[in-house]
Amino acid sequence: MPLANAADALPVDAVLPALCAALAEQGRAVLVAPPGAGKTTRVPLALLDQPWAATGRIVMLEPRRLATRASARRMASLLGEPVGETVGFRVRGESRVAARTRVEVVTEGVLTRMLVSDPALDGVVALIFDEFHERSLNADVGLALALQSRALLRPELRVLVMSATLDAIPVAALLDDAPVITSEGRAFPVDIRYLPQRGDRFMEEGVASAILRALREEPSGSVLAFLPGASEIQRCASVLEMRGLPERVRIHRLYGDLTAWEQDAALAPPAPGMRHVVLATSIAETSLTIEGVHVVVDGGYARVPRYAPRTGLTRLETVPVSHASAAQRSGRAGRTAPGVAYRLWDEALGATMPRRAVPEILEADLASMMLDLAAAGIVDPSSLRWIDSPPAGAVQDAVELLMQLGALDDRRRITTHGRVMAALGTHPRLAHMMAWATAAHAGATGALVAALLQERDVMRGEDALLDPDLASRVELAARAAQPDDSAGIRTVRLVAARWRAQLGVGASDRVDVSRLGELCAEAYPDRVALRRVDGGHRYLLTNGTGVELAHPGGLADAEWLVVADLEGRAGHTRVRRAARLEPVVARAIAERRAVTEEVVEWDDVAGVVRTEERRRMGAIVLGARPLRDPRPESVAAVVRQAIEDGCIQVPWSEGARALRERMVFAASINQDVHAPTDAEMAALVE
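Residues numbered from 1 in each chain as written. Predicted model: local features only at pLDDT ≥ 70, side-chain atom pairs only at ≥ 80, totals over all residues. Heavy atoms only, no water.

We now examine the pairing of strand β18 (residues 538–541). Two strands pair when backbone bridges link them, and strand β17 (residues 528–531) and β18 are joined in this way by 3 bridges, in the antiparallel orientation. Among the inter-strand pairings, A529 is bridged to a residue of β18, identified as L541. Alignment of β18 against strand β19 (residues 546–548), held across 3 bridges, turns out to be antiparallel. Following the sheet pairing, L540 is matched in β19 by G546. Between β18 and the antiparallel strand that follows it, β19, lie 4 residues; G544 among them carries a positive phi value of about 95°. (Pairing = 2+ DSSP bridges. Helix = DSSP H or I, 4+ residues; strand = E, 2+ residues; numbered from the N terminus.)

Here it is as structure tokens:
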């Protein structure tokens, strides 16, 4: 296909004949090409000219929405067309495709829903998995489903996996020994400079100092700086503004929760004579060329989700980057000219970095994945082909949650309610809440709360820190539109409106803040929390986790909460967002969920066996009363264990002690007499 105003040939152009031949003859291939080789934009357009591509669309997956839009726009510009004609894209909440679209760039979640709703992928002739080395959960799920579709329904479906730093051998093996094609890069040399940071310096201060140094030492080119998250980016920008930037230097921020307009501004080339400082998360590591960047400052950290099976919670953790990520980041400086990369760590410390990041499937909450598989009729994930199989413990946790939410039956098969949840395209907790709310005549409230919890917090900075009350956020988003509304609030309203339409919620259904706690308890049944009896603002969740309201805000007097968002580590977990649960509602929920059990245990304080009949909701004890007729064998087992643990000494009678003393004396003068040991005496306790 002829390209309008195409740039000079890129390195990947040299391997296109071999790649096209492999896909034509074998239907699968792995392409390894370093950053700057042109794989993301050149390969899909080249495949359009293949005879097998004439009858359908080529779908390419990108790991992030920003890269999805940017790559589609770049390909469309190479064709001299606007986006939405030959080349289009689809991301959550936005679609730019038409009947004539032949290359469709999508985020990975979109492909998963395509494969679930139509496993045969009617009208699709090829799937391209770009930047597969990032090993996102959705990419692994999408590839597993695509391979099943190819094996059972569509043997002619072409599958191409592309990456810059991928270990190609296991991927090629998964694709039945697919050909591996390697392209040389067109990267310019990058001078790596190490700037170890003092231990008492905050990361954003170190990054700001390195940026100012780079602007002094390098006479031209923009600076791309990597920080873990949006909060560090905001603080780094504040430090730069406080210290003062040189004239004709402008700061841009780049992370996933910005508006498309803000992201596009960060990607745009600077005006003549201007220099940009782009403060970015890992979103800028791959798939994007930020025009004019000759300098990279790498803080050395990334923020990743980590799932804790014990609590069922996912936390964002800040971790050192891998060697592969550090190489990707440095390579951003050499895309269009020789560059410089400042690494804010000691060169020797680099030897301790992991070679690659841990695949998300090994550390993620798998509830969404298991719901998608169930919707596709797959009960057991081991029936699919994976590079890394999902951990059995995380799979079981996900299944138990989905059963609790009513999405799966006792045979792990999807229910009617589960299909409604899967169609909503969000985490099963939020999907269940919306479906339940709609049936309970609170659909508008459910949609808005789900949007607030899915999207970035609409309250920022200190306001968010000091007020964990979800009710204040609901009131903010539910009010009439104001000229000064933030982009985050506008996004939440758009997402909520889309879900309302999908659920058939009428315009007359109004948001009711009084039902907030009730709805959140449906989404997070394991995170209903009761204030501890020792006072303060510490709570116990039904899943057994202890949490603290570091800044109670509007929840200062709340006895019951439903916790939606947490931060911190075990032993010091703070509530970020929560809803008040009125006691009358909490009691009604407890009546439905509570269980009664007989408890026989040793009380260390009182030194007695305590027997109780307890009523509890998870780890929260709702009430207890003495057990009238405890089973003797249960009491004996507790006493025996207490003796073995050294908690008690057996209160032998005077006669028993005297008998043993005589036996000990007799044994000392007659070896035929045996005196019982302490262990043998303990065995007689029953």
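After that view of the structure, there is still more to cover.
Right, let's talk about the packing of helix α2 (residues 39–47) against helix α3 (residues 65–78) for a bit. Two numbers describe how α2 lies on α3: the axes approach to 9 Å, and their chain directions differ by 55°. Between α2 and α3, the interaxial angle falls into the category oblique. Between α2 and α3 lies a crossing whose hand is right-handed. Contacts between α2 and α3 involve T40, T41, P44 and L45 from the former and S71, R74, M75 and L78 from the latter. Counted by class, the contact of α2 with α3 contains 4 nonpolar, 3 polar and 1 charged residues. (Axes fitted to C-alpha atoms, helices over the stretch in contact; angles between N-to-C directions. Parallel < 35°, antiparallel > 145°, perpendicular 65-115°, else oblique. Left-handed = near helix turned anticlockwise from the far one by under 90°. Contact = heavy atoms within 4.5 Å. Nonpolar A, V, L, I, M, F, W, Y, C, P; charged D, E, K, R; others polar.)

Turning to the nonpolar core, a few remarks are in order. Core analysis: the biggest nonpolar cluster contains 106 residues, and L127, F129, L143, L175, L366 and M369 have the highest contact counts within it. Beyond its immediate stretch of four places on either side in the chain, F129 contacts L61, L111, A139, G142, L143, A146, V159, L160, V161 and M162. If you look at the next biggest cluster of nonpolar residues, it comprises 37 residues, including C20, A37, A46 and V105. (Core = buried A, V, L, I, M, F, W, Y, C linked by side-chain atoms within 4.5 Å. Buried < 20%, exposed > 50% of the residue type's maximum accessible area, 1.4 Å probe, protein only.)

This structure, assessed with the given rule, holds 44 salt bridges. When the shortest N-O distance is used, the salt bridge between R135 and D140 registers 2.7 Å. Residue R135 shares its accessibility class with D140, and that shared class is buried. Two residues, D298 and R329, come together in a salt bridge whose shortest N-O distance is 2.7 Å. One end of the pair, D298, is in strand β13 (residues 293–298); the other, R329, is in helix α10 (residues 323–331), and 31 residues separate them in sequence. The class of R329 is buried, set by a relative accessible area of 0%. (Salt bridge = Lys/Arg side-chain N within 4 Å of Asp/Glu carboxyl O.)

Counted by the stated rule, this structure contains 2 cavities of 30 Å³ or more. Its boundaries defined by the atoms lining it, the largest cavity holds a volume of some 60 Å³. Here the residues of the lining of the largest cavity are counted per class, giving 3 nonpolar, 3 polar and 3 charged. For the second largest cavity, the calculated volume is near 30 Å³. Residue lining of the second largest cavity: F132, D140, L143, A144, L174, R385, W386 and I387, and that is the complete set. (1 Å grid on protein atoms, 1.4 Å probe; cavity = no way out; pocket = protein on both sides within 12 Å on 5 of 7 lines; lining within 4 Å. Points joined across faces, edges and corners; volume = space filled by probe spheres on them.)

All right, on to the sheet that holds strand β1 (residues 28–32) then. With mixed pairing, 8 strands are arranged side by side in an open sheet as β4-β3-β5-β2-β6-β7-β1-β8. On the outer flanks of this sheet lie β4 (94–96) and β8 (180–182), each paired with one strand and no other. Sheet twist, expressed as the mean angle between neighbouring strand axes with direction ignored, is 20°. Bridge count for strand β2 (residues 57–62) against strand β6 (residues 124–129) is 5 bridges, and the pairing is parallel. What sits directly across from I58, in β6, is A126. Of the strands in this sheet, β1, β7 (158–163) and β8 touch helix α1 (residues 16–26), which is tilted by about 155° from β1.

All right, on to the sheet that holds strand β12 (residues 275–280) then. A sheet is described by the order of its strands in space; here 6 strands give the open sequence β9-β16-β13-β10-β12-β11, paired in parallel fashion. With one partner strand each, in any of the chains shown, β9 (190–194) and β11 (249–254) form the two edges of the open sheet. Pairs of neighbouring strands in the sheet enclose a mean axial angle of 20°, with direction left out of account. Bridge count for β9 against strand β16 (residues 339–343) is 5 bridges, and the pairing is parallel. When the bridges of β16 are listed, D191 appears paired with V340. Each of β9, β10 (222–226), β11, β12, β13 and β16 is contacted by helix α7 (residues 203–217), which is oriented at about 155° to β12, the strand it contacts most.

With that out of the way, let us pick up the packing of aromatic side chains. In total, this model carries 2 aromatic pairs according to the counting rule given. Between F129 and F132 the ring centres are 6.3 Å apart and the planes differ by 85°, which places this aromatic pair in the edge-to-face class. A relative accessible area of 1% means that F129 is categorised as buried. Centroid distance Y194 to W345: 6.5 Å. Interplanar angle 70°. Geometry classified as edge-to-face. Of this pair, Y194 sits in strand β9 while W345 sits in the loop between β16 and α11 (367–375), placing them 151 residues apart in sequence. (Phe/Tyr/Trp six-rings, centres within 6.5 Å; stacked < 30°, edge-to-face > 60°.)

Per-chain confidence: the chain averages 87 in pLDDT, with 94% of residues scoring 70 or above. This stretch, residues 2–7, has a pLDDT under 50; its non-local contacts, to residues over four places away or in other chains, come to 12 contacts. (pLDDT = per-residue confidence, 0-100.)

The next point concerns unusual backbone geometry. Here the phi dihedral of E131 falls at roughly 50°; this positive angle occurs in a residue that is not glycine. Tracing the chain through its elements places E131 in the loop between β6 and α5 (137–152). The backbone phi angle of H441 is positive, close to 60°, even though this residue is not glycine. When you line up the elements, H441 lands in the loop between α14 (428–439) and α15 (443–454). Of the residues examined, H441 reaches a relative accessible area of 69% and is grouped as exposed.

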